[in-house]
Amino acid sequence: MPEEDTRLSRIERKKDKMRQQIITVAMDLFRKQGFYGTTLEQIAQEVDIAKKTLYNYFPEKEAIISAYVQGFSRKEAFHLDEFIRSYPDIRSRLLAIFEKSAQTYEADPEVWKVYTLYRLRNKFNFSKDEELRSGFEGILTKVIAHAQEEGNIRLDIPAKELAQHLEKYFFMTVLSMLNDLEGFSLSDSLARCVDIFLNGVTSR
């Protein structure tokens, strides 16, 4: 490898290490004292960097939350093939994904509420919205595409399009939960989401 490439690779690794350190420290502070009770100044102080350096990585606190969510989804996607093999059909796979998501959201509601509102705020800024996407759509696309290969999902609609519809339903269900933390069962609502997606709304 040329010396210049080696140097650039080293710089990129250092940047990535710093980025991950910022995310780890910030998430710890958010959980201890709340998202709105934490400032960028505090995060910079805990990481031991200048505030200007922090801005170079994350211009606002919401961007840190977004990066955390994206990292979470990438970890899930890494084990996706093994996950698909662990369940017998599309229904059980989607229920398992949604149940795990429900547990994650209910365990850390403020983090996910901030991320959800941040996404909504940038929904019609298409380049920004694409940048903020969690990767959940990609996971659903792969699961649906596998079910199409098995002959369990219609083939006339692309897997990505079906995943987009399901993600929108999921997104609105989560938003309902975040607005009614006490009286809302996310697990039950997401199970209904899967049922409607697979079976429609006509009477059986």
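- Labelled according to an unreviewed UniProt entry, the chain appears under the name Transcriptional regulator, originating from Candidatus Desulfosporosinus infrequens.

**Some points on the domain arrangement of the chain**
Phase 1 of the analysis: Parsing the chain into structural domains produces domain 1 (1-59) and domain 2 (61-203).
Phase 2 of the analysis: Taking only C-alpha atoms, the centre of domain 1 and the centre of domain 2 are 28 Å apart.
Phase 3 of the analysis: Across the contact, 15 residues belong to domain 1 and 11 residues belong to domain 2.
Phase 4 of the analysis: Looking at the side of domain 1 facing domain 2, the largest losses of area belong to Met-27, Arg-31 and Phe-35, adding up to 41% of the total buried there.
Phase 5 of the analysis: The interface formed by domain 1 and domain 2 contains 1 salt bridge.
Phase 6 of the analysis: Taking the shortest distance from any N to any O, the salt bridge between Arg-31 and Asp-108 comes out at 2.8 Å.
Phase 7 of the analysis: Summed over the shared surface of domain 1 and domain 2, the number is 5 residue pairs in polar contact (both at pLDDT 80 or more).
Phase 8 of the analysis: A per-element tally of the side of domain 1 that touches domain 2 places helix α1 (residues 3-33) first, with 7 residues.
Phase 9 of the analysis: The residue makeup of the side of domain 1 that touches domain 2, split by class, is 11 nonpolar, 2 polar and 2 charged.

**Quick look at the UniProt feature "domain: HTH tetR-type" (unreviewed entry) in the chain**
Phase 1 of the analysis: When the UniProt feature table is mapped onto this chain numbering, "domain: HTH tetR-type" (unreviewed entry) sits at residues 16-76.
Phase 2 of the analysis: Split by type, residues 16-76 is 80% helix and 0% strand. Its first and last C-alpha atoms lie 20 Å apart.

**A look at the environment of Gln-21**
Phase 1 of the analysis: For Gln-21, the position within the fold is in helix α1.
Phase 2 of the analysis: Residues Gln-21 and Tyr-57, spaced 36 residues apart in sequence, show a C-alpha to C-alpha distance of 11 Å.

**A look at unusual backbone geometry**
Phase 1 of the analysis: The phi torsion at Asp-48 lies on the positive side, around 70°, for a residue other than glycine.
Phase 2 of the analysis: Considering the arrangement of structural elements, one finds Asp-48 in the loop between α2 (40-47) and α3 (51-57).

**A word on helix α11 (residues 186-199)**
Phase 1 of the analysis: Here α11 spans 20 Å end to end across 14 residues, near enough to the 20 Å set by a 1.5 Å rise per residue.
Phase 2 of the analysis: Turning to α11, its buried residues are Leu-186, Ser-189, Leu-190, Cys-193 and Val-194. Taken around the axis of α11, the buried residues stretch over an arc of 145°, which confines them to a single face.
Phase 3 of the analysis: Structurally, α11 contributes buried residues whose contacts are with α6 (90-107) and α10 (159-178).
Phase 4 of the analysis: Gly-200 lies just past α11 and shows a positive phi near 75°.

**Topic: helix α4 (residues 61-78)**
Phase 1 of the analysis: For α4, which comprises 18 residues, the first-to-last C-alpha distance of 26 Å matches the rise-based estimate of 26 Å (1.5 Å per residue) to within 8%.
Phase 2 of the analysis: The set of residues buried in α4 consists of Lys-61, Glu-62, Ala-63, Ile-64, Ile-65, Ser-66, Ala-67, Val-69, Gln-70, Gly-71 and Ser-73.

**Here we look at the packing of aromatic side chains**
Phase 1 of the analysis: The tally for this structure, following the rule as stated, stands at 10 aromatic pairs.
Phase 2 of the analysis: The interplanar angle of 35° and the centroid separation of 6.1 Å between the aromatic rings of Phe-98 and Phe-136 together place this pair among those described as tilted. A residue pair is termed long-range when its members are at least 10 positions apart, and Phe-98 in helix α6 and Phe-136 in helix α9 (residues 136-150) qualify at 38 residues.
Phase 3 of the analysis: Under the relative-accessibility criterion, Phe-136 is labelled buried at 9%.
Phase 4 of the analysis: Judged by centre distance (5.9 Å) and plane angle (85°), the rings of Tyr-105 and Phe-170 are edge-to-face. Of the two residues, Tyr-105 sits in helix α6 while Phe-170 sits in helix α10, which places them 65 residues apart along the sequence. Comparing Tyr-105 with Phe-170 shows no difference in burial state: the two are buried.
Phase 5 of the analysis: Ring pairs connect the aromatic residues Phe-72, Phe-98, Tyr-105, Trp-112, Tyr-115, Phe-136 and Phe-170, which therefore count as one cluster.
Phase 6 of the analysis: For Lys-61, the ring lying beneath its charged end belongs to Phe-35, and the centroid distance is 4.4 Å.

**Structural notes on the layout of surface pockets**
Phase 1 of the analysis: The calculated volume of the largest pocket comes to roughly 430 Å³.
Phase 2 of the analysis: In terms of lining, the largest pocket is formed by 24 residues, of which the most central are Glu-76, Ile-97, Ser-101, Phe-136 and Ile-139.
Phase 3 of the analysis: Looking at the lining of the largest pocket, the elements with two or more residues in it are α4, α5 (80-86), α6, α7 (109-121), α9 and α10.
Phase 4 of the analysis: Along the lines of polarity and charge, the residues of the lining of the largest pocket split into 14 nonpolar, 5 polar and 5 charged.

Thresholds, definitions, all that
Residues numbered from 1 in each chain as written. Predicted model: local features only at pLDDT ≥ 70, side-chain atom pairs only at ≥ 80, totals over all residues. Heavy atoms only, no water. Domains from an automatic or database assignment. Contact = heavy atoms within 4.5 Å. Buried area = accessible area lost by both parts, 1.4 Å probe. Salt bridge = Lys/Arg side-chain N within 4 Å of Asp/Glu carboxyl O. Polar contact = N/O pair within 3.5 Å; in protein donor to acceptor, adjacent residues only side chain to side chain. Helix = DSSP H or I, 4+ residues; strand = E, 2+ residues; numbered from the N terminus. Nonpolar A, V, L, I, M, F, W, Y, C, P; charged D, E, K, R; others polar. UniProt positions renumbered as here; feature names shortened; annotations may be inferred. Expected span 1.5 Å × (residues − 1). Buried < 20%, exposed > 50% of the residue type's maximum accessible area, 1.4 Å probe, protein only. Arc of directions from axis to C-beta. Phe/Tyr/Trp six-rings, centres within 6.5 Å; stacked < 30°, edge-to-face > 60°. Lys NZ or Arg CZ within 6 Å of the ring centre and 35° of its normal. 1 Å grid on protein atoms, 1.4 Å probe; cavity = no way out; pocket = protein on both sides within 12 Å on 5 of 7 lines; lining within 4 Å. Points joined across faces, edges and corners; volume = space filled by probe spheres on them.

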